[in-house]
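Here is how the chains run, residue by residue.
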Amino acid sequence: MSTDPGPRPKPAKGAAQAASAVIELLGVLWERSNDATASSSVSASQLRVMYCLEREEGINLRRLGHLLGAAPPSVSRLCDRLQAMGFVERTPSQVSRRELTLRLTSRGKAHLAELRALRQEILMAPIQNMPPAARAALLDGLSAFREVLEASETVPEHAPPRTSPQSA
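Just so we're clear, the structure is a prediction, and the values are computed from it rather than from any experiment.

### Topic: the packing of helix 3 (residues 61-68) against helix 4 (residues 72-84)
Next up, step 1: Relative orientation of the contacting elements helix 3 and helix 4 amounts to 105°, with a least axis distance of 9 Å. It follows that helix 3 is roughly perpendicular to helix 4 by the angle criterion. Of helix 4, the residues touching helix 3 (which contributes L61, L64, G65 and L68) are V75, S76, L78 and C79.
Next up, step 2: For the contact of helix 3 with helix 4, the class distribution of residues is six nonpolar, two polar and no charged.

### Side note on the nonpolar core
Next up, step 1: Core analysis: the biggest nonpolar cluster contains 22 residues, and V49, L53, L64 and L82 have the highest contact counts within it.
Next up, step 2: Elements that contribute at least two residues to this core include exactly helix 2 (44-55), helix 3, helix 4, strand 2 (100-104) and helix 5 (106-128).
Next up, step 3: If one sorts the elements of this core by residue count, helix 2 sits on top with six residues.
Next up, step 4: Those residues within four positions of L82 in sequence are excluded, and the remaining contacts are V42, Q46, V49, M50, F87 and V88.

### Here's the deal with the environment of S76
Next up, step 1: Along the chain, the position of S76 falls in helix 4.
Next up, step 2: Residue S76 is classed as partly exposed on the basis of its relative accessible area of 22%.
Next up, step 3: With 14 residues separating them along the chain, S76 and R62 place their C-alpha atoms 9.6 Å apart.

### Quick notes on helix 3
Next up, step 1: When we look at burial in helix 3, the residues that qualify are L64, G65, L67 and L68. One side of helix 3 holds all its buried residues, which, seen down the axis, span an arc of 160°. Of the exposed residues in helix 3, the ones pointing more than 90 degrees away from its buried face are R62 and H66.
Next up, step 2: Its buried side turned inward, helix 3 meets helix 2, helix 4 and strand 2.
Next up, step 3: Sitting at the head of helix 3, N60 places a side-chain oxygen 3.2 Å from the backbone nitrogen of R62.
Next up, step 4: G69, located one to two residues past helix 3, shows a positive phi value of around 65°.

### Some details on the packing of helix 2 against helix 3
Next up, step 1: Two elements in contact, helix 2 and helix 3, have axes separated by 10 Å at closest approach and are oriented at 120°. When the axes of helix 2 and helix 3 are compared, the pair comes out oblique. Crossing geometry of helix 2 relative to helix 3 is assigned as right-handed. Contacts between helix 2 and helix 3 involve R48, V49, C52 and L53 on the former and, on the latter, L64, L67 and L68.
Next up, step 2: Here the residues of the contact of helix 2 with helix 3 are counted per class, giving six nonpolar, no polar and one charged.

### Focus on the pattern of salt bridges
Next up, step 1: Counted under the stated rule, the structure contains seven salt bridges.
Next up, step 2: Across the pair E57 and K109 runs a salt bridge, and its minimum N-O distance is 3.7 Å. In this pair, E57 sits in the loop between helix 2 and helix 3 while K109 sits in helix 5, placing the two residues 52 residues apart along the sequence.
Next up, step 3: Its relative accessible area of 45% is what places E57 among the partly exposed residues.
Next up, step 4: For E150, the salt bridge identified is with R146, shortest N-O distance 2.8 Å. In this pair, E150 and R146 are both assigned in helix 6 (residues 132-151), four residues apart and thus about one turn of the helix distant.
Next up, step 5: R146 gets classed as partly exposed once you look at its relative accessible area, which sits at 26%.
Next up, step 6: A network of salt bridges, in which partner residues are shared, links E57, R103 and K109.

Analysis parameters
Residues numbered from 1 in each chain as written. Predicted model: local features only at pLDDT ≥ 70, side-chain atom pairs only at ≥ 80, totals over all residues. Heavy atoms only, no water. Axes fitted to C-alpha atoms, helices over the stretch in contact; angles between N-to-C directions. Helix = DSSP H or I, 4+ residues; strand = E, 2+ residues; numbered from the N terminus. Parallel < 35°, antiparallel > 145°, perpendicular 65-115°, else oblique. Contact = heavy atoms within 4.5 Å. Nonpolar A, V, L, I, M, F, W, Y, C, P; charged D, E, K, R; others polar. Core = buried A, V, L, I, M, F, W, Y, C linked by side-chain atoms within 4.5 Å. Buried < 20%, exposed > 50% of the residue type's maximum accessible area, 1.4 Å probe, protein only. Arc of directions from axis to C-beta. Polar contact = N/O pair within 3.5 Å; in protein donor to acceptor, adjacent residues only side chain to side chain. Left-handed = near helix turned anticlockwise from the far one by under 90°. Salt bridge = Lys/Arg side-chain N within 4 Å of Asp/Glu carboxyl O.

Geometry only, nothing functional implied.
This is the structure we're talking about:
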């Protein structure tokens, strides 16, 4: 006697459910990788700031607040902490003497590179254990997914820069 698991979800809904489950697992992996980099851990909010500054080097606090959807005092405190860690520098604006521009320091850039390398290393083991056809499908699917997000209003302007995919 076989048990019917019920109706299968529609492909889009099934893909969304699978992506959601993967995101939860990636969240755990990302926390581990963040803990493993640098003695001072960077919070998710601070990491978002760093991504924004990487993408739009030399922006001011007002623009950063807009990108983050955060109030100026909160943004300023985030930058204070990142500056104390040596990841962000504030310099006088060339446009207005009343403004400061924000940039990642070489240490901040190195932290992001280290974090990305560690995350890729963490992902390599399960990806390498996938059959070649599944790896190729994953690459195609994720590439198409990112393209759709970038073309829509869904992806915030502070998304990390696109990296070139390695061979599947």
